[in-house]
Amino acid sequence: MSQALRSAKERALQIVEQASKIRIQDARDNLGARTSGRQVRKANNQMGHTQGALERAAKPPLGWIWGDFFRPWQRMFPGEKHFNADINVRREYIPLSLIELTRLIDLGWIDPSKPIDISTLCRTQKFQINPNIRQYGFDLTEEGADSFPYAIDIEVQYATQSAIAAVEKAGGRIRTSYYDVNALEAAIDPKKWFEKGNVVPQRKAPPKTLIGYYMDAKNRGYLADESDIENNRINLANIRGYKLPDHEMVTEPLKTVDQVFHGIPAGSVISLADKKLYSPTNEIHREYYSKQVADKQYS
Amino acid sequence: MFLSQLMRQSGASASAARNLWRKSENPFISTPQAWLTDLEQVEEKKRGIIDLHPDVFRVAPRLDILHRNLTWQKVYRNVQMTKMLTKAEMPGGGRKPWPQKKTGRAHVGSIRQPEFIHGGFANGVRGPRTWFYMLPDAIRLQGLCVALTLKHAQDDLHIVENMQDLQNGDPKFWQDLCESRNWGYSVLMIDDSDVISGGLAEAQEQLAWLNCMPVYGLNCYSIIKYDTVVLSKNALEKIEQRLLQHLHRAKPLNLKYRYQDYKEKILNESRAEENPNMPPIV
Amino acid sequence: MLASTSVSKASNLARIVILPIRSFHDRSSVPRVVDDREKSSAKYTDAGYNFRYHQNGVDALPRIPDCKVPVARPDFKVREPWSVENARFGQNDYIDLLGDGSIHPAQLQYHTPTWLRGFPGQHRANELVKLIHYRNLYDSKLKQNSPKRWHELRKRIKYLMMQHNYNKQDELNRERDLGLWDEKPDYTFKDKSRRSFRDEIP
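Residues numbered from 1 in each chain as written. Chains lettered and ligands numbered in written order. Predicted model: local features only at pLDDT ≥ 70, side-chain atom pairs only at ≥ 80, totals over all residues.

## Section: the overall build of chain B
- For chain B, the helix and strand inventory stands at nine helices and eight strands.
- Scaling as 2.2 N^0.38, a compact globule of 282 residues should have a C-alpha radius of gyration of about 19 Å, whereas chain B reaches 28 Å, well beyond that.
- Along the first, second and third principal axes, the C-alpha atoms of chain B reach 100 × 45 × 40 Å.
- Expressed as a percentage of its 282 residues, the buried residues of chain B come to 36%. (Helix = DSSP H or I, 4+ residues; strand = E, 2+ residues; numbered from the N terminus. Rg over C-alpha atoms; globule rule 2.2 N^0.38 Å. Buried ≥ 20, exposed ≤ 12 C-beta atoms within 10 Å, placed from the backbone.)

Pasting the structure below:
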C-alpha cells in the first residue's frame, strides 16, 4: 500500500478522501488552463490595423495579375495541357506496408489464422477508405518484407513483387482482387450494409485496363489460373532464392470471383438480429446470382 | 484495505472475486472495493464485498476534467429564442422623414435606423441562438470515471443486490433507511433496466430527493449533484462494461462530432413536428 | 460604546475636512474685471457632496423617507433544485456512450427548433452559416408560402456576405472544421454529366 500511495493518483485520492463532499461548485479548471487573450495596453493595441491584419484579410482571386480580372495567370500561361488530366478518374490505393500488418497482428487487431481482406482491415478502424473519392482498396507495400513472420491468407487490391515474395516465403497465400464501388462499400462497413437490409452484392469484373493485371498469375490475380499461380509461386521462390515451406499452411478455400465476404454467397440478405442468412428464392434471382460471371463494368 | 478481515468479522457471505475485464497487471494498482448491501430493511446489512474496476472507480481525480463535463452539460443545451429585428425587418421606414439639410436636425434616411427610439437593432441578438457543442468522447468518458471515483473515494457510492420489486414503498421507510445509513440529503438510484417497479418506484414518486435512473441516464452532473449514488449489481456490471468497452475501442476517442453525420437522422425524426407547408418561424 | 464614539469622531473629522475651502477651480491667474466684487468673492463651498475618503462601508441608497411605494426590483426567483425536471437535469447526456450506441444526445434536443438540433452553436457557426443552413432546408417552402420572409432572409444573407467579404477580416477560413461539410473538398471532382468524350478514362 505504501508503494501504491507514492503515485500521484493515490496521493490525490487520499486528499479527496479526507476532503468534504465535492459539489458542483467545487469543480473548476486548472489554474491558468484557459486564459482569455493577452491584454495589451492601449498604446500597443493595434485594433486590427496591422500588416498581419492585411495579410489575413480577403485576397484577390487566384492567379490575378494587377489590373486584369479576366486574364488570370493560369489562363495567360496554361502550361502543360494534360497535366493531371485524369485526376478525376485515377484510382487510389491505401498503402499498407508489411511492417504495419505485422504490428496489427502483434497487437491483436488482426487474427492471422483467419483470412484477411478489406473487411478485416477496416474492422481495425486504423484505415479509412472512401469509395466516393475513388479509393479502391489496399496496396501492400514491401516495408518490413525482410522479417515478416506470419503465414497469412491475405487479399489486397495491389501488391508489389517483394511483398508477394515476403508473404509466400512465410508460408502465406496472397491474392490481388478487384472490388467495384458497390462491393467495396459493403466490404468496408458490413454492419452498416446489413442493417440497411441491402443485398450482398456481386463483385463485378474489373474494368478493361485492370483485367490484364488481375489475370496475371505473376501478380497473384484472382482471375488467373490456380496452376499458373502455383508455378509462379515456385518460380518466384527460385528467382528470389528462398525456400518455400514443405506443406501448405493455408488450406481454406478461396473466395469465388463474385464473392464479397467469406462464406456469404452473393445475393443473400443478412439479418444481424436473427443471426440468419436469407438466400434468394426467386428463380430468376437465384440464377442471376449463381452465374458467377460478373457483369461487365464500365469505367 | 483489510476488507477481507472486516468481512469475516461481519459474517458476510459473498466473495469479492469478480472477473475484471482488461484489468492492469500492475501490482501497484490496488483494486477498489465496496460493500454489497440490500434495501430490504432500514439497517445496513453487509452482504459481502465487491471488486470494482480500477480503471473506472480508481482514476486520478481530475477536477478540471469534471469541470469541463459539468460546464458542457449546462451549456450545450442552451437556446436563446430572442430575435432583435434589424431596420430592414421592421415595418415602414422607407421614406426619408425630413430633408437632408437646412432643418437643423440630424441627417437621417429612415425612422427605423438604430439611433431612433423605435428603430431596428444593429448587432442585436439574432434569432434562435444555440451553444451546442460536443465534448470529445475521451473527455466525457474520463469525466464519468472521475465522478464515479470521487463518489467512491468519499464513501458515497453504494452497491446493492437488487432494486426491483422491493416490498416496502412507504416514504417514511425510505427516509429512515437513508437516515440510518447516513446517505445525506439526496440519493440517486441507478438500475440496469429502464423500468423500475415495486417499493422503490412508489417511494421515488413521493420523495423529491430520491430518484431512479437507468444506466444510460447516468451523467456527471447528477452523480455530483446527488449526495449518494446507489448502484445495483447489474448496473455496476453494465456501467463497467460500457465504459471499458469505449476506453478500449478500436475507433479513436477524439473523433469529432460532425453535424453532417447526424443531419439526416435528426431531420427525419423531426419531420412529424413540421408543418408540411410553412417553414418554421425563426 | 467604543464603536459609536469612533464613528462620531470620524464624522467630526469629515466635517472639519469640508470646512470653507475654495474648492472649485474657477479663477485664472490673469486678473479679471468684475462688476461686483462681493458677488465674485462669494463662492459656493458646498455642492452637496461629501468626500468619503476615510469613511468605510457603503452609503445607503437614496430613498424617500416614509414612501409607501415599494422600490421596483425584479421578482424573487424561486429556484427548485429538486423539482422533477431539475432533479433529472443532465439525464441522457451520455447516452451515446452508456446506451447501445443507437441514440446520440444531439437527437434529444427537443427544446431546440428542429433545424438547429445538433447544429454547431453560434459560437462556432456564425449567423451567416446558420441562415444558409435554414435557407437550404426551407427555401422552397419559403418561396411558396412566405415570400416576405424569404425576401428578408435573402437580404440578411446578402448583407452578411458583404459584411464578411468586405468589412470583416476573413473569419470563414475554418468553416470546414464545423462538421457541416467534409474536411477537404474533393478537388478532383468533376461533374460526370459534364464529362467530355475527350476525357481519358482508363
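And the narrative resumes.
## What about the overall build of chain C?
- When you go through chain C residue by residue, the secondary structure sums to six helices and zero strands.
- Reading chain C from its N terminus to its C terminus gives the helix and strand order α-α-α-α-α-α.
- By the burial criterion, 13% of the 202 residues in chain C qualify as buried.
- Sequence-distant contacts, at least 24 apart, represent 40% of the contacts inside chain C between residues at least 6 apart. (Contact = placed C-beta atoms within 7 Å.)

## Some details on the packing of helix H7 (residues 161-169) of chain A against helix H11 (residues 226-240) of chain A
Residues and elements named next belong to chain A.
- Viewed as axis vectors pointing N to C, H7 and H11 meet at an angle of 100°, and their least axial separation amounts to 10 Å. It follows from the interaxial angle that H7 and H11 lie roughly perpendicular. Here Ile 164, Ala 165 and Glu 168 of H7 lie close against H11, whose contacting residues are Arg 233, Leu 236, Ala 237 and Arg 240.
- By residue class, the composition of the contact of H7 with H11 is four nonpolar, no polar and three charged. (Axes fitted to C-alpha atoms, helices over the stretch in contact; angles between N-to-C directions. Parallel < 35°, antiparallel > 145°, perpendicular 65-115°, else oblique. Nonpolar A, V, L, I, M, F, W, Y, C, P; charged D, E, K, R; others polar.)

## Digging into the domain arrangement of chain C
- When its domains are assigned, chain C resolves into domain 1 (84-118) and domain 2 (120-180).
- The C-alpha-based centres of domain 1 of chain C and domain 2 of chain C are spaced at 26 Å. (Domains from an automatic or database assignment.)

## Some remarks on the pairing of strand E2 (residues 135-141) of chain A
Residue and element names in this part refer to chain A.
- Along E2, five of the seven residues are buried, which leaves the element largely enclosed by surrounding structure.
- Note: strand E1 (residues 92-97) against E2, five bridges, orientation parallel. Opposite Glu 92, over in E2, you have Gln 135 as the bridge partner.
- Bridge analysis of E2 against strand E4 (residues 158-159) gives two bridges, and the strand direction is parallel. Along E4, the bridge assignment pairs Asp 139 with Tyr 158. (Pairing = 2+ DSSP bridges.)

## A short note on the confidence of the model for chain C
Residue and element names in this part refer to chain C.
- Summary statistics for chain C give a mean pLDDT of 80 and a share of 77% for residues scoring 70 or more.
- Highest mean pLDDT in chain C belongs to helix H4 (residues 95-98) (97); lowest belongs to helix H1 (residues 2-17) (46).
- Of the regions scoring below 50 in pLDDT, residues 1-11 engages in two contacts with residues more than four places distant in sequence or in other chains.
- This model gives residues 13-22 a pLDDT under 50, and the stretch forms nine contacts once residues within four places in sequence are excluded.
- Across the interface, the model reports ipTM at 0.90; the global pTM reads 0.81. (pLDDT = per-residue confidence, 0-100.)

## Re the sheet that holds strand E7 (residues 210-214) of chain B
Residue and element names in this part refer to chain B.
- Reading across from one edge, E2-E1-E5-E8-E6-E7 is the order of the six strands in this open sheet, with mixed pairing throughout. In the strand order of this sheet, the two ends are held by strand E2 (48-51) and E7, each with one partner. Neighbouring strand axes in the sheet, compared pairwise and without regard to direction, differ in orientation by 30° on average.
- With respect to the sheet, helix H6 (residues 199-206) is in contact with strand E6 (187-191) and E7, its orientation differing from that of E7 by roughly 125°.

## A look at the interface of chain B and chain C
- Listed by partner, the interface residues are 45 residues for chain B and 42 residues for chain C.
- Where the side of chain B that touches chain C is concerned, the elements lending two or more residues are strand E4 (129-130), helix H4 (137-153), E7, helix H7 (220-225), helix H8 (233-247) and helix H9 (259-269) of chain B.
- Looking at the side of chain B that touches chain C, the element that brings in the most residues is H9(B), giving six residues.
- Split by residue class, the side of chain B that touches chain C holds 22 nonpolar, ten polar and 13 charged.

## Structural notes on the environment of A:Ile211
- Position of A:Ile211 among the secondary structure elements: in helix H10 (residues 208-215).
- For A:Ile211, a count of 14 C-beta atoms within 10 Å gives the class partly exposed.

## As for the domain arrangement of chain B
- Domains assigned within chain B are domain 1 (3-76 + 133-247) and domain 2 (81-130).
- Distance from the C-alpha centre of domain 1 of chain B to the C-alpha centre of domain 2 of chain B: 58 Å.

## Some details on the sheet that holds E1(A)
- In space, the three strands of this open sheet follow the order E1-E2-E4 (chain A), with parallel pairing throughout. The open sheet has two edge strands, E1 and E4 of chain A, and neither has a second partner.

## Side note on the environment of A:Ser177
Residue and element names in this part refer to chain A.
- Here Ser 177 lies in the loop between strand E5 (173-176) and helix H8 (181-188).
- Here Ser 177 falls in the buried class, since 23 other C-beta atoms lie within 10 Å of it.
- In this structure, Ser 177 is in contact with Glu 155, Gln 157, Tyr 214 and Tyr 222, ignoring residues within four places of it in sequence.

## Some words on the nonpolar core
Residue and element names in this part refer to chain B.
- Ranked by internal contacts, the top residues of the largest apolar core, which has 60 residues, are Ala 147 and Ile 190.
- For this core, the element with the most residues is H4, which contributes eight residues.
- When sequence neighbours within four positions are dropped, the list of residues in contact with Ala 147 reads Leu 66, Cys 220, Ile 223 and Ile 224. (Core = buried A, V, L, I, M, F, W, Y, C linked by C-beta atoms within 7 Å.)

## Here's the deal with the environment of A:Ala266
Residue and element names in this part refer to chain A.
- Along the polypeptide, Ala 266 turns up in the loop between H11 and strand E6 (269-271).
- Residue Ala 266 is classed as buried on the basis of its 23 C-beta neighbours within 10 Å.
- Along the backbone, Ala 266 and Val 200 are 66 residues apart, and their C-alpha atoms lie at a distance of 5.3 Å.
- The contact partners of Ala 266, leaving out residues within four places of it in the chain, are Val 200, Pro 201, Gln 202, Asp 258, Gln 259, Val 260 and Tyr 289.

## Some points on helix H5 (residues 127-145) of chain C
Residues and elements named next belong to chain C.
- With 19 residues, H5 extends just 23 Å between its outermost C-alpha atoms, more than 12% less than the 27 Å of an ideal straight helix rising 1.5 Å per residue.
- Its axis deflected by about 75° at Tyr 138, H5 carries its strongest bend there.
- Looking only at H5, the buried set comprises Lys 130, Tyr 134, Tyr 138 and Leu 142.
- If you follow the buried residues of H5, they end up packed against helix H6 (147-167). (Expected span 1.5 Å × (residues − 1). Bend = angle between axes of the 7 residues up to and from the residue.)

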